[in-house]
Amino acid sequence: MADEQLHILVSGACGRMGRFVAAGIAEAPDMQIVGAVDPAGQGRLLTEFVSSAPADITVSGHLVATLEESQPQIMVDFTAPAVVMGNIEAALDAGVACVVGTTGLSATDLQVVAKMCTSKQVPCLIAPNFSIGANMMMKFAAQAAEVFDYAEIIERHHEGKVDAPSGTALTTAEMMSAARRKPLQEVPTKHDKLPGSRGGVTDERLRIHSLRMPGYVANQEVVLGGTGEVLKIEHITTSRECFIPGVLLAIRKILQFEGLVYGLEKIL
Ligand code: NAP
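Keep in mind that this is a model prediction, so the values were computed, not measured. (Residues numbered from 1 in each chain as written. Predicted model: local features only at pLDDT ≥ 70, side-chain atom pairs only at ≥ 80, totals over all residues. Heavy atoms only, no water.)

Examining the overall build of the protein
Operational definition: Working definition: helices are DSSP H or I runs of at least four residues, strands are E runs of at least two. Numbering for both runs from the N terminus. We take the radius of gyration over the C-alpha atoms and set the globule estimate at 2.2 Å times the residue count to the 0.38 power. What makes two residues a contact is simply this: any of their non-hydrogen atoms within 4.5 Å. Per-residue accessibility takes into account occlusion by the displayed protein chains alone, with areas from the Shrake-Rupley method and a 1.4 Å probe. Neither His nor the chain ends contribute to the count of charged residues, in which Lys and Arg are positive and Asp and Glu negative. A charged residue contributes its charge at one atom only: NZ of Lys, CZ of Arg, CG of Asp or CD of Glu.
The helix and strand tally for the protein stands at seven helices and eleven strands. By the compact-globule yardstick of 18 Å for 268 residues, the protein fits well, its C-alpha radius of gyration being 20 Å. Each principal axis of the C-alpha atoms in the protein carries an extent, and together these give about 60 × 40 × 30 Å. Taking contacts inside the protein between residues at least 6 apart in sequence as the whole, the part at least 24 apart equals 70%. Accessible area for the protein stands at about 13200 Å²; split by element, carbon and sulfur atoms hold 52% of it. Taking the average place of the 22 positive charges on the side chains of the protein and the average place of its 30 negative ones, the gap between the two points comes to 10 Å.

Have a look at this one:
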């Protein structure tokens with residue numbers, strides 16, 4: 001079985017998500033962690049962060065060197081918006097396919113990644129949300145947006161999330177807009193007493209309200225209003241484990257793809 005296993009490098013392996021991802025990979029019979037990169041754990045054994053990890057993996061602080069030494073087939077990245085583009089470029093340069101969960105990439109960033117994938121002929125899957133339930137929530141929200149004229153999104157995340165609104169909220173807004181093909185109704189804001197109290201507005205004129213506080217992992221509510229009725233589509237996560245089946249699915253499928261694949265729904 002060992003030779004048939006997919007060889008994976010985990011980037012951001014000591015972070016909140018990276019630890020769950022590394023544990024999921026370590027426990028999957030068809031996968032093997034061959035490298036771990038994270039400046040937060042540099043020089044320490046990966047088992048200090050993930051008890052089920054292989055005993056011989058030392059966390060590195062240098063991605064390029066670790067790509068070279070560990071020869072992975074796939075890099076999984078859960079790091080930070082400021083570093084993820086550099087990590088993707090380094091992996092693609094080394095001929096290593098990418099599965100990326102880090103959020104905060106712009107439309108321009110995605111175009112750059114798509115070009116790199118084409119020129120290097122190496123695939124990359126980027127998903128702002130690897131939870132199966134969240135992807136269903138986005139799909140149902142897009143369907144409901146076809147028939148409701150008013151809609152707003154409330155997303156709630158832990159206090160450590162640095163980007164706002166969430167990548168999931170922005171993707172939901174795009175999917176709702178694409179399904180709807182006409183703008184939502186706007187409610188006048190000229191009498192608002194506090195700037196921003198009605199949330200941020202996307203290009204699709206959809207308002208997003210972002211909460212950041214302890215107690216939440218990653219929740220989202222899409223609220224749609226009609227005459228005499230309100231429809232709420234809500235996704236609640238209770239543990240970061242909810243993202244792992246989607247990440248493992250992406251790892252198992254990525255080598256079958258070409259170019260950039262954006263969104264877990266493309267492979268479900
Ligand atoms: P986190 O706890 O801050 O973990 C990120 C880790 O990456 C930290 O240990 C950080 O080290 C490390 N890091 C920083 N620069 C690095 C580099 N150049 N190479 C390798 N590792 C590096 O954050 P998190 O909560 O795990 O979230 C990580 C990302 O995943 C965020 O963008 C978040 O929004 C996203 N996310 C996505 C999904 C999804 O389903 N797509 C789900 C949850 C979270 P330092 O602390 O030293 O900087």
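Text resumes after the structure shown.
Digging into the site of the ligand
Quick reminder of the rule: In these notes, residues near a molecule or strand are those with any non-hydrogen atom within 4 Å of it. Whenever two N or O atoms come within 3.5 Å, that pair is a polar contact, provided that in protein one can donate a hydrogen and the other can accept it, and provided that, for residues adjacent in sequence, both atoms are side-chain atoms.
As a structural note, the neighbourhood of the ligand is formed by 23 residues, with R16, M17, D38, T103 and F130 the closest of them. Note that a nitrogen atom of the ligand is positioned 3.4 Å from one of the backbone N or O atoms of G12. Take T103: an N or O atom from its side chain is 2.7 Å from an oxygen atom of the ligand. When isolated, the ligand has an accessible area of 920 Å², and the protein chains bury 77% of it.

A word on the state of the cysteines
Our working rule: Criterion for a disulfide: a pair of cysteine sulfur atoms within 2.5 Å. The buried label applies to any residue whose accessible area, calculated with a 1.4 Å probe on protein chains only, is under 20% of its type's maximum; exposed applies above 50%, and partly exposed to all values in between.
Enumeration according to the criterion identifies zero disulfides in this entry. Of all cysteine sulfurs in the structure, the one in C98 sits closest to C14, which takes part in no disulfide; the separation is 19 Å. C124 carries a free sulfur, and the closest cysteine sulfur to it, the one in C98, is 4.5 Å from it. Taking the relative accessible area as the measure of exposure, C124 reaches 0% and is therefore buried.

Side note on the pattern of salt bridges
We count it as follows: The rule for a salt bridge is simple: a side-chain nitrogen of Lys or Arg has to be within 4 Å of a carboxyl oxygen of Asp or Glu.
Per the counting criterion, the structure on display carries ten salt bridges. Between E48 and R44 there is a salt bridge, with the nearest N and O atoms lying 2.9 Å from each other. We classify E48 as partly exposed; its relative accessible area is 47%. A residue is classified by how much of its surface remains accessible, and R44, at 38% relative accessible area, is partly exposed.

Details of the sheet that holds strand β2 (residues 31-37)
The condition is simple: Should DSSP find at least two bridges between two strands, the strands are regarded as paired. Only C-alpha atoms enter the line fits that serve as axes; for helices the fit covers just the stretch in contact. Angles between N-to-C directions range over 0 to 180 degrees.
Pairing is parallel across the open sheet formed by six strands, whose spatial order is β2-β1-β3-β4-β5-β11. For this open sheet the edge positions go to β2 and β11 (260-262), each flanked by a neighbour on one side alone. Averaged over all pairs of adjacent strands, the angle between their axes in this sheet comes to 20°, without regard to strand direction. Note: strand β1 (residues 6-11) against strand β3 (residues 74-77), four bridges, orientation parallel. Bridge pairing links I8 to I74 in β3. Most of the contacts of helix α2 (residues 63-70) go to β2, to which it runs at about 150°, and overall it touches β1, β2 and β3.

A few points about the nonpolar core
Which entries qualify depends on this criterion: To form a nonpolar core, buried Ala, Val, Leu, Ile, Met, Phe, Trp, Tyr and Cys residues must be joined to one another through side-chain atoms within 4.5 Å.
Of all hydrophobic cores here, the largest spans 62 residues; its most connected members are I25, V76, I88, F130 and I251. Apart from the residues within four sequence positions on either side, F130 is in contact with F78, V99, V100, G101, L125, N135, C242, F243, G246, V247, A250 and L264. Counting residues in each nonpolar core, the second largest holds 18 residues, with M138, M176, L224 and I233 among its members.

Here we look at the domain arrangement of the protein
Here is the rule: Where a domain begins and ends is set by an automatic assignment or by a domain database. Two parts placed together each lose some accessible area under a 1.4 Å probe, and adding up what both lose gives the buried area. Three classes are used, and their members are as follows: Ala, Val, Leu, Ile, Met, Phe, Trp, Tyr, Cys and Pro are nonpolar, Asp, Glu, Lys and Arg are charged, and the others, Gly among them, are polar.
By the assigned domains, the protein splits into domain 1 (2-129 + 241-266) and domain 2 (132-236). Distance between the C-alpha centres of domain 1 and domain 2: 29 Å. If you look at the interface, domain 1 gives ten residues, while domain 2 gives 13 residues. Carbon and sulfur atoms make up 57% of the area that domain 1 and domain 2 hide from each other, which totals about 1000 Å². Connecting domain 1 to domain 2 are zero salt bridges. Inspection of the domain 1/domain 2 interface yields six residue pairs in polar contact (both at pLDDT 80 or more). The residue makeup of the side of domain 1 that touches domain 2, split by class, is five nonpolar, three polar and two charged.

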